[in-house]
Amino acid sequence: MRRIFTLVTVFTLVATFAQAQISVNKILCENRTNPIGLDNTQPRFTWELASAAFNVSQTAYQIRVSTHSDFRKIIWDSKKVASDSSVHVGYKGKALSSHTKYYWQVKVWDNTKKASAWSETGYWITSLFNTTEWRAKWIGPGFTEDSLRASPMFRKAFSSTKKVSSAIAYITAHGLYEAQINGHRVGDAYLTPGWTSYGKRLQYQAYDVTDLLAIGNNVVGVTLGSGWYRGLIGFSNNQNFYGKDVALLFQLHVTYADGTSEVVLSDGSWKSSTGEITYAEIYNGETIDARKIKKGWALNGYNDAGWSGVQVMDYGFKTLLATYNEPIRKHETFKALRVLKTKKNEHIVDFGQNLVGWVKIRLKGKKGQKITISHAEVLDKDGNFYTDNLRAAKAQDIYILSGDGVELFEPHFTFHGFQFIKVEGYNADLNPDDFTAVALYSDMNPTGSFSSSNALVNQLQHNIQWGQKGNFLDVPTDCPQRDERLGWTGDAQVFSRTASFNMNVDNFFSKWLKDITADQTEKGAVPFVVPNVLGKGAVGSAGWGEAATVIPWNMYVAYGDKQVLKDQYGSMKAWVDYMKNQAKDDLWNTGFHFGDWLFYSVNDDTDGTSAVTDKYLIAQCFYAYSTQLLINAAQVLGKTDDYEAYGKNLKRIKDAFVREYVTSNGRMVSGTQTAYVLALNFDMLPEDLRPQAAARLVDNIKKYNDHLTTGFLGTPYLCHVLSRFGYTDEAYKLLLQDTYPSWLYPVKMGATTIWERWDGIKPDKTFETPTMNSFNHYSYGAIGDWMYRVMVGLDTYNDGPGYKHIKIMPHPGGGFTNASASLQTYYGTVSSAWAIGGDRLNFDVEIPVNTTASVYIPAKDAANVTDGGKPLKNGKPYQPANSKENYIMVELGSGTYHFTAPIEVQKATVK
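Residues numbered from 1 in each chain as written. Predicted model: local features only at pLDDT ≥ 70, side-chain atom pairs only at ≥ 80, totals over all residues. Heavy atoms only, no water.

Draft legend 1. Region of the structure containing the overall build of the chain. Per the secondary structure count, the chain includes 15 helices and 47 strands. Relative to the globule expectation of 29 Å for 911 residues, the C-alpha radius of gyration of the chain, 29 Å, shows essentially globular dimensions. Projected onto the principal axes, the alpha-carbon positions of the chain cover approximately 85 × 85 × 65 Å. Looking at the chain residue by residue over its 911 residues, the buried ones come to 60%. Look at the contacts in the chain between residues 6 or more apart in sequence, and 74% of them connect residues 24 or more apart. Surface summary for the chain: the accessible area is close to 35,000 Å², and the carbon and sulfur share equals 48%. Here the chain contributes 93 positively and 90 negatively charged side chains, and the mean placements of these two sets differ by 4 Å. (Helix = DSSP H or I, 4+ residues; strand = E, 2+ residues; numbered from the N terminus. Rg over C-alpha atoms; globule rule 2.2 N^0.38 Å. Buried < 20%, exposed > 50% of the residue type's maximum accessible area, 1.4 Å probe, protein only. Contact = heavy atoms within 4.5 Å. Areas by Shrake-Rupley, 256 points an atom, 1.4 Å probe, with all protein chains shown as cover. Lys, Arg positive; Asp, Glu negative; His and termini not counted. Charge placed at Lys NZ, Arg CZ, Asp CG, Glu CD.)

Draft legend 2. Summary view of the nonpolar core. The biggest cluster of nonpolar side chains holds 217 residues, and the ones touching the most others in it are Met 787 and Val 855. The leading source of residues in this core is helix H8 (residues 615–637), at 13 residues. The contact partners of Val 855, leaving out residues within four places of it in the chain, are Ile 808, Phe 843, Val 845, Ile 847, Ile 888, Met 889, Val 890, Leu 892 and Phe 899. Counting 28 residues, the second-largest nonpolar core is a separate cluster that includes Ala 167, Tyr 177, Ile 181 and Leu 224. (Core = buried A, V, L, I, M, F, W, Y, C linked by side-chain atoms within 4.5 Å.)

Draft legend 3. Layout of the sheet that holds strand S3 (residues 44–50). Taken together, the three strands give an open sheet; going across it, the order is S1-S3-S7, and neighbouring strands pair in antiparallel fashion. Edge positions in the sheet fall to strand S1 (23–29) and strand S7 (89–90), since each of these pairs with one other strand and no more. (Pairing = 2+ DSSP bridges.)

Draft legend 4. Representation of the side chain of Ser 51 in the model. When you line up the elements, Ser 51 lands in the loop between S3 and strand S4 (58–66). A distance of 3.2 Å separates a polar side-chain atom of Ser 51 from the backbone nitrogen of Ala 53. (Polar contact = N/O pair within 3.5 Å; in protein donor to acceptor, adjacent residues only side chain to side chain.)

Draft legend 5. The arrangement of helix H12 (residues 715–724) in detail. H12 sits mainly inside the fold: nine of its ten residues count as buried. Regarding H12, the residues found buried are Thr 715, Pro 716, Tyr 717, Leu 718, Cys 719, His 720, Val 721, Leu 722 and Ser 723. The inward-facing, buried residues of H12 abut helix H4 (489–502), H8, helix H10 (673–681), helix H11 (690–703), helix H13 (728–736) and helix H15 (783–791). After H12 finishes, the residue Gly 726 shows a positive phi value of roughly 85 degrees.

Draft legend 6. A look at the sheet that holds strand S14 (residues 184–185). Pairing is antiparallel across the open sheet formed by five strands, whose spatial order is S14-S13-S16-S11-S19. Because the sheet does not close on itself, it has two edges, and the strands there are S14 and strand S19 (271–274).

Draft legend 7. Region of interest: the environment of Asn 589. Structurally, Asn 589 can be placed in the loop between helix H7 (562–582) and H8. Residue Asn 589 is classed as partly exposed on the basis of its relative accessible area of 28%. Once the C-alpha coordinates of Asn 589 and Gln 620 are considered, the two residues, 31 residues apart in sequence, prove to be 7.6 Å apart. With residues near it in sequence (within four places) discarded, Asn 589 still touches Tyr 616 and Tyr 661.

Draft legend 8. Structural detail: the packing of H10 against H12. Put simply, H10 and H12 touch, their axes get as near as 9 Å, and they point 60 degrees apart. Put simply, H10 runs oblique to H12. Here the hand of the crossing between H10 and H12 comes out left-handed. In contact with Gln 673, Val 677, Leu 678, Leu 680 and Asn 681 of H10, H12 contributes Tyr 717, Leu 718, Val 721 and Arg 724. Broken down by class, the residue content of the contact of H10 with H12 amounts to six nonpolar, two polar and one charged. (Axes fitted to C-alpha atoms, helices over the stretch in contact; angles between N-to-C directions. Parallel < 35°, antiparallel > 145°, perpendicular 65-115°, else oblique. Left-handed = near helix turned anticlockwise from the far one by under 90°. Nonpolar A, V, L, I, M, F, W, Y, C, P; charged D, E, K, R; others polar.)

Draft legend 9. Broad picture of the environment of Leu 892. Mapping Leu 892 onto the fold places it in strand S46 (residues 887–892). Looking at Leu 892, the relative accessible area reads 14%, which means it is buried. For the pair Leu 892 and Phe 54, spaced 838 residues apart in sequence, the C-alpha separation works out to 9.1 Å. Residues in contact with Leu 892, not counting those within four places in the same chain, are Asn 55, Ile 847, Thr 852, Ala 853, Val 855, Tyr 897 and Phe 899.

Draft legend 10. Region of interest: H15. In terms of residue burial, H15 counts as a mostly covered element, since eight of its nine residues are buried. Buried residues of H15: Ile 783, Gly 784, Asp 785, Trp 786, Met 787, Tyr 788, Val 790 and Met 791, and no others. Just beyond H15, the residue with positive phi is Gly 793, at close to 95 degrees.

Draft legend 11. Representation of the side chain of His 811 within the structure. Tracing the chain through its elements places His 811 in the loop between strand S38 (805–808) and strand S39 (818–824). In this structure the side chain of His 811 is engaged in a polar contact, spanning 3.4 Å, whose partner is the side chain of Tyr 887. Dropping the residues within four chain positions of it, His 811 is found in contact with Thr 728, Tyr 732, Val 790, Met 791, Trp 834, Glu 885 and Tyr 887.

Draft legend 12. Summary view of the pattern of salt bridges. Taken as a whole and judged by the stated rule, the model has 39 salt bridges. Across the salt bridge formed by Lys 762 and Glu 768, the nearest N and O atoms sit 3.7 Å from each other. It is possible to trace a salt-bridge network through shared partners that takes in Arg 391, Arg 482, Asp 483, Glu 484 and Glu 756. (Salt bridge = Lys/Arg side-chain N within 4 Å of Asp/Glu carboxyl O.)

Draft legend 13. Main features of the packing of H10 against H11. At a minimum axis distance of 9 Å, the contact between H10 and H11 shows a crossing angle of 150 degrees. By the angle between their axes, H10 is roughly antiparallel relative to H11. Crossing handedness for the pair H10 and H11: left-handed. Contacts from Gln 673, Tyr 676, Val 677 and Leu 680 of H10 reach H11 at Arg 690, Ala 693, Ala 694, Arg 696, Leu 697, Asn 700 and Ile 701. Residues belonging to the contact of H10 with H11 are distributed by class as follows: seven nonpolar, two polar and two charged.

Draft legend 14. Spatial organisation of the pairing of strand S20 (residues 277–281). Within S20, five of the five residues are buried, which leaves it mostly tucked inside the rest of the structure. Alignment of S20 against strand S21 (residues 285–289), held across four bridges, turns out to be antiparallel. If you follow Ile 277 over to S21, its bridge partner there is Ile 288. What sits between S20 and S21 in their antiparallel hairpin is a turn of three residues.

Draft legend 15. Highlighting the packing of aromatic side chains. A complete count under the given rule lists 66 aromatic pairs for this structure. Between Trp 134 and Tyr 170 the ring centres are 6.4 Å apart and the planes differ by 75 degrees, which places this aromatic pair in the edge-to-face class. With a gap of 36 residues between them, Trp 134 in the loop between strand S9 (122–126) and strand S10 (138–141) and Tyr 170 in strand S12 (residues 164–174) connect regions that are remote in the sequence. Overall, Tyr 170 belongs to the buried group, its relative accessible area being 0%. Taken together, the ring pairs in this structure connect Tyr 386, Tyr 600, Tyr 704, Tyr 740, Tyr 745, Trp 755, Phe 767 and Phe 775 into an aromatic cluster. One residue, Arg 64, lies across the ring of Trp 118, its end atom 4.1 Å from the ring centre. Over the ring of Tyr 123 we find Lys 101, and its NZ or CZ is 4.2 Å from the ring centre. (Phe/Tyr/Trp six-rings, centres within 6.5 Å; stacked < 30°, edge-to-face > 60°. Lys NZ or Arg CZ within 6 Å of the ring centre and 35° of its normal.)

Draft legend 16. The confidence of the model for the chain, seen in detail. Averaged over every residue, the pLDDT of the chain is 95; the share at 70 or more is 97%. Here residues 1–19 is modelled with pLDDT under 50, and outside its nearest four sequence neighbours on either side it reaches four contacts, counting other chains as well. Between residues 906–911, whose pLDDT stays under 50, and residues either more than four places distant or in other chains, the model counts 18 contacts. (pLDDT = per-residue confidence, 0-100.)

What follows is the structure in structure tokens.
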């Protein structure tokens, strides 16, 4: 019996030790899992740690890198490094080689001096470090294109007589491309090579195609589309913005089992033709004529005698760079929710969700039968198909049947924003099973979740996330359905912090910010859209140019990566200097500005009800904000001279603001919500004038019966300012307001994404002006930032960005009985959840390993707070400035915690 007890004790101790043992659970290289095609000569490593014990941190790490998966030949061993760094740790070994696969592992030591096991093995494959390594030629179609510019196809047969050990293909294009090897699609990315400022930056993609090659004869086939490069883009039917051509660059490196290698190149030996894609434009859609399919054209044995040759072009390689951001991929699919016939006898399919992508269709009919698929976001008040808000975009996919049984169709080089499709030309009854909507967006990992006791707010969160999915399609677009789909800088900057909660947008924004730098003018002006297809004059608006300063700072705070500040510092400084040079006596009151775009306005306004804010007042606020962010970046990067010089300039900017726009009693010359919000959020007012300004803001909100009147620039900060100055109850009233204008009004009207306008659909079911009325436009979704960081309380401190030092301060109220959020950071999952049960507030917190958190428990007295059922230890009373709210603050290490406290929350209700 004693022996059995001893064995049980041993097993228990072993199990306990195993649970307490620190482990490395997830490893990333350049924020990606096993990336292929990095041209970074000093990549950075990130790892996530796990332990069942409390207060666990890393005290040291060791990284090893090898060209062999068994690590028999180490090219870099960091040895044991005393450091708590586990995010963005740089490679410091000998110079890396191009086109090489490297394996890596990491082990760590915790604060009890225990070591983990080596992590799983990760790898990365380098790309081509030098342009001289490109041996391929740019090739274009060898035939005269027709007026519709049918998609050209390129073909190359080659022989591979030995067993292949590895094969990496590097591909890019002028236009868009889809590649095949032996009839199999290369990769799962779409709309490649993506959209950049093509004249200065053209990305290429790298693919591991080892499994696609066969011993013997092989065939490469590539199809091109016009895409953003030469297709319709911008306004006024603008074509050929970057060039009139489409062209292919293809380089395949094959390594054989015997150690030999060869390279298959795009060159003059390729063949070209056209096939079934007879037309493809992003705005207008795609036409596929199945009668023109060249069956087997990408397979061995196909007779290409009738094909044309190719043109070899000398476009060079100076603009080429590897791809770091996640590509566009297919994601969720939606079966038809219903099939209906409208009063106009239209045949409609409803997918139940406004999304971006396309529809896969299964059809059967006669040879030559033409089926037209039109796309729309909404139906009109009579239930008819509504496309007026698409403006000039046709958004139609046309399929011409071959008559060869059941045929499957989906586009290649276009995308649509839609919930509904209209089917024309199909004589049979529509079968819902024949239609599947496919969502396309950049393959960013989902990271954040939010839930509450209010169903409408939960739907608002759904809409925020789907607005982001629909518009984060390689660039942050403003609206994915009409003849626009551009990277508006103002929209992106106001939403960037919210975006970083919902998904990992680290690489997404890092790529796009480099295009901002590329497209900035010599004087530092930031374009309205990036990539800039609107021209040299479309630059320099306050609130839009802030994308150059706000987004780098937000990404640094969200992910803790100094590199984004290093990369963008020149761009940040150039934008601030541009404003400085535009200003007179430190006052920026010149030039064109969009102002508080789409603020609340009233037709035939006779009493000043429309919330018009002076555009130069707004410009001065953002001038100060960008200057402050530049100062912050200078401090992080140790740029002392800039820190001091711009600090002095910031004081002059704020002094000029007060002289020009504020009376001696603190009244703003524009008495709008946006004016007070920006002045308060950016600290434009002397401290003694701030409380009265906040009170004026609340009075203004009450004047509109607890409705907001803000536009694109005021909305993101509105609730933040209210909470900061002790009016969280008013912030809750705005969040819960469900009549126009409000966040929940579109939700009650059936929205599944965020609208461009507060009243895109009016209460009587009529529409706002169709020239600008997108139903998928993420900007107003910036309220999510307040929901995550204030309502539930998940935040990070600037002294420990990237959630190294976490702030958790919830604000229960608003009549909610519970709210929760979790965020997958580079360190692991951080979460906060509060719930009201009886007379107690339950508050649950999760803190990842290798981080610390300052946790604020809503309570007056620590004696009434329990931690895991026991009296709380080391709690300190805390009251935020300008607030009557009470908290007990505790400093915590990793672990999961359960607190309870007496209920002391404000319960806001909507009047």
